Amino acid sequence: MKRRHSRPRKPKIKSVSPTVSKPAKRKTKAPIRRIDSHPPVIPAFRHDTGASVDPLAAPLAASDHTANHAADSRTTETAAGHAGMYDVFRFPVIDWDFRWQRPQQMSVQFARHGHRVFYATTTMSVLPKEDATFDEVARYVKVKLVEPNVWLVTLCANRNLNLYTDQMSATDIRYLNWSIEYIRERFQIGHLVSIVDLPFWTPLVSSMEDSKLLYDCMDEHNGFSTNAPSMIRLEEQLARKADLVLASSQRLYDRMKTYHSSPLLLRNAADAAHFAAHAPVAPELASIQGPVIGYYGAISDWFDAKLVERMAERRPEWTFALIGHTFGCDTAGLEKLPNVLLLGEKRYHELPMYLHRFDAAIIPFLQNELTRATNPVKLYEYLAAGKPVVSTALPELETVAAGLTVIARTPEAFEQAVERSLRQNNPQLMEARKNFASSHTWETRYEELHRTILKRLFPKVSIVMLAHNNWPYTRQCLFSLQKPGRYPHLEVIVVDNGSTDETPQRLAELDPDCFKIIRSDVNLGFAAGNSLGCRKASGEYIILLNNDTIVPDGSWVRRLIRPLEKHPGIGMSGPMSNHVGNDQAVDLFVGNPAEGANPHWLKEFYGLYKGRSRYTDLLGFFCVAMRRSVFEEVGGLDSKYGIGMFEDDDYCEQVRRAGYKLLIVEDAFVYHHGSATIKKLKQEQYDDLWRSNKAYYERKWNKPWRQPKRPENIFYGADTPEGVAGKLGGRPCLLVLGGREWSRSPARWQQMVRELSQRNDCIIVVYLPVYFGHEVVGIRKAGPRLYVTNRPDLFSHADLESVVYCGGTDVFPYFSSDRCVIDAFSYHAHQLDDLKIKLQTPRVLVTEDVPLLISELRRAPQP
């Protein structure tokens, strides 16, 4: 019940670990709790536990910009060191520095085990204007480092919001979502688990993308007088939407089962070492003679003050020490009694000084919906100190601590139980209580939750890689698999297929915690080698990955398995690539063989193709994902194809005939060098292998082999204005004249192009000589309906809907002036005047807001 009133591991790939220079130290205005410049490299499945953290140690004073930037300056190293970890965003019910309870305790455990934790404050920055931009909202977001790997985050909303009574407006949700996006960009968050403690947050977390949603149900919310009825309705919505629901008590678990198919019962716990350790007696209790009956926690409307008052009146020789805020509780009777001490709220690190003086600890709660559903944290903390516990009838105590606590169902029985506890306390009982608490710690709760998160939210993925010589390619691919932000639950299986170069030696040097090596003395061929790796895989999903690939970032795995998780009818999925022999090839790629995809191009690519996919008959096996159940049903690849060629066509045919569909995931990308092994064959050997395998494929399936589809580009083969006009075939087309180079800078004209490219009814063509430093030649496809060209003359015969000037100053005589539209805000006054003179009769749109401008452009009358 919560209301406010180690050592570094060896490099995983020894011979390719990059050198990281130590960052220069920054001077700050306030003392900062440092994160090591080079944190331990933490491989998948093994987590180093850091040093103990005092939860209420002095927090980082980062209200000034200097401290904020100092904390942020270490973000990159933290992310790099903790590759393979999901990050946690906690949407809490209480503030970080309030009473130390489950939200903070579990957050600290995540942080100690290598996860970055972002803990939202319960108050928000307020930006009252309705039409603020993303950048304006971002300036209102506050970030403060308070513990190693724990940041407090103050989000921005449109108005003041009370977590217990208010509901978010559409503008609030937009600003809060932008706040989260800003944090994700600033800290380069890849895999995110959002833990929600209060239904208030439901509209926000429901609108977030690429985040696993976990609802931690800790209380019976309709038992709080401060909660509005809307809170209960939101809770049902939250529980139904959540990927995982936790319940802290059996009663809550039973209720959550009506909303969620498989909630997890995760009861509370204690930092047993903190409460078991010797502590000096608190000054307020040091001079007291006689028994001390103690309680700490909220003294609110569920606290039975009358019960304690009756005992205190009847037992003047007992001293009752009550610690906690008294908001919502009538303590007038208690305040009059000389043997009752109302000590107020105490900091977490001070509690053992009081608890160790208690002769008996009590939980005097009233009987109601709230208390019947509670699993008190204080129970475990009391027991960690070895103290006898007397409680009113609470179902959870009777379930989890029977024999270690005394349950009293009447005031008389409660008093008698306290008396017996004082008289019968002995070392054996104290040790039994401590042993119980030591098996119910926050660390054990974290470990159980972490295992569940990996199993349910990040199902295990096995990557099977075949290697035959070509160690430099294999080394490069393995290194890319270990980049920061990799998928959290990954198994990498490398099948050494009869290599005769340095490959066997180098593979033997790899960290066995991260890589499983299978050695074959002979070259089994592509099909048999991959099948061997698949049979050794333990993941729920299998990805066959060529060793001549470079994976781009941490998102590629989840992008590939996402459709397999959602749609059982999809048997296999594959990404787009720069080098593949079918329509998985991108038409416009920016990158290089040393690093793979250019990260700025990749980000743009992801945005343009966001959420897009299409069915196909053929997937290239440079990278292909499948459920392990599909492999077990269909069987291995056909080894009769020998060392390679046509086995991917064959397996696609097998999977399709088993009733499954094949999918190209258009917002996934993997760089491919291309045929690194097979192209080493002599031309005659290559041709013979191609002919024989093609013939085998056609005999096996009794049909002719068909040439795969080429990359999608509706203008393919058109090199004249007449040809381009013919390719359009009457499709609406809009030509944009903006800047001369597309770069990472957030230029207005680029934002316009992105907005325009979302139109499903129009082809967008941009005159653009340079795209992320890459020279554009001809007409190249950059997005689903977006093309770039260095030849605007090729569109001189096209029936264009409009020619939009949004930065370009060149005037092309072959476009009719009555189709020209000018974005006034893209030009200085003198440029705008010159352009209007040159174009004679343009339509000028004067709208600063880009989405509104696009709307006006769509409404603009056509000639």
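S.K.: Hey, could you go over the sheet that holds strand β36 (residues 802–805) for me, with residue numbers and the actual values?
M.R.: Pairing in this open sheet of seven strands is mixed, and the strands run β34-β35-β31-β29-β36-β37-β38 from one edge to the other. Among the strands making up the open sheet, the edge pair consists of β34 (779–781) and β38 (843–845). Averaged over all pairs of adjacent strands, the angle between their axes in this sheet comes to 25 degrees, without regard to strand direction. Where β34 lies against strand β35 (residues 786–789), three bridges are found, and the strand directions are antiparallel. Considered in β35, the bridge of Lys 781 is made with Tyr 787.

S.K.: Please set out the pairing of strand β7 (residues 192–196) residue by residue, giving values where relevant.
M.R.: Within β7, five of the five residues are buried, leaving the element largely enclosed by the surrounding structure. Residues of β7 alternate between two faces, with Leu 192, Ser 194 and Val 196 on one and Val 193 and Ile 195 on the opposite face, all of them buried. Where strand β1 (residues 87–91) meets β7, five bridges bridge the pair, whose relative direction is parallel. Bridge pairing in β7 places Asp 87 opposite Leu 192. The sheet contact formed by β7 and strand β8 (residues 212–217) spans four bridges and is parallel. Opposite Ser 194, over in β8, you have Leu 213 as the bridge partner. Handedness of the β-α-β unit built from β7, helix α6 (residues 202–207) and β8 comes out right-handed.

S.K.: Report on the environment of Asp 97, specifying residues and quantitative values.
M.R.: Inspection of the secondary structure assignment puts Asp 97 in the loop between β1 and α3 (102–112). Of the residues examined, Asp 97 reaches a relative accessible area of 65% and is grouped as exposed. As a C-alpha pair, Asp 97 and Val 146 span 49 residues in sequence and 10.0 Å in three-dimensional space.

S.K.: With reference to specific residues and values, describe the sheet that holds strand β33 (residues 774–775).
M.R.: A sheet is described by the order of its strands in space; here three strands give the open sequence β30-β32-β33, paired in mixed fashion. Both outer strands of the open sheet, β30 (741–742) and β33, are each paired with one neighbouring strand and no more. The pairing of strand β32 (residues 770–771) with β33 spans two bridges and is antiparallel. When the sheet's bridge partners are listed, Val 770 is paired in β33 with Glu 775.

S.K.: Tell me what's going on with a nonpolar patch on the surface, and back it up with residues and numbers.
M.R.: A surface patch of nonpolar side chains, about 260 Å² in accessible area, is lined by Phe 825, Val 844 and Val 846. Topologically, Phe 825 is positioned in the loop between β37 (820–823) and α30 (829–839). Given a relative accessible area of 41%, Phe 825 falls into the partly exposed group.

S.K.: Describe the pattern of salt bridges, listing the residues and the values that go with them.
M.R.: Under the criterion given, the structure shown has 54 salt bridges. Across the pair Arg 267 and Glu 396 runs a salt bridge whose closest N-O atoms are separated by 2.5 Å. Here Arg 267 is found in the loop between β10 (264–265) and α9 (272–276), whereas its partner Glu 396 is found in helix α16 (residues 395–400), with 129 residues between them in sequence. Taking the relative accessible area as the measure of exposure, Arg 267 reaches 16% and is therefore buried. Overall, Glu 396 belongs to the buried group, its relative accessible area being 2%. Of the charged contacts, one joins Lys 781 and Glu 712 as a salt bridge, the two residues approaching to 3.2 Å between their closest N and O atoms. With Lys 781 in strand β34 and Glu 712 in the loop between α27 (683–701) and α28 (721–728), the pair connects residues that are 69 residues apart, well separated along the chain. We classify Lys 781 as buried; its relative accessible area is 9%. For Glu 712, a relative accessible area of 35% translates into the label partly exposed.

Rules and cut-offs
Residues numbered from 1 in each chain as written. Predicted model: local features only at pLDDT ≥ 70, side-chain atom pairs only at ≥ 80, totals over all residues. Heavy atoms only, no water. Pairing = 2+ DSSP bridges. Helix = DSSP H or I, 4+ residues; strand = E, 2+ residues; numbered from the N terminus. Axes fitted to C-alpha atoms, helices over the stretch in contact; angles between N-to-C directions. Buried < 20%, exposed > 50% of the residue type's maximum accessible area, 1.4 Å probe, protein only. Right-handed = clockwise from strand over helix to strand, strands pointing away. Patch = residues over 30% accessible without salt bridge, like charges linked within 9 Å, V, L, I, M, F, W, Y side chains within 5 Å. Areas by Shrake-Rupley, 256 points an atom, 1.4 Å probe, with all protein chains shown as cover. Salt bridge = Lys/Arg side-chain N within 4 Å of Asp/Glu carboxyl O.

Any functional reading would require information beyond the geometric quantities listed.
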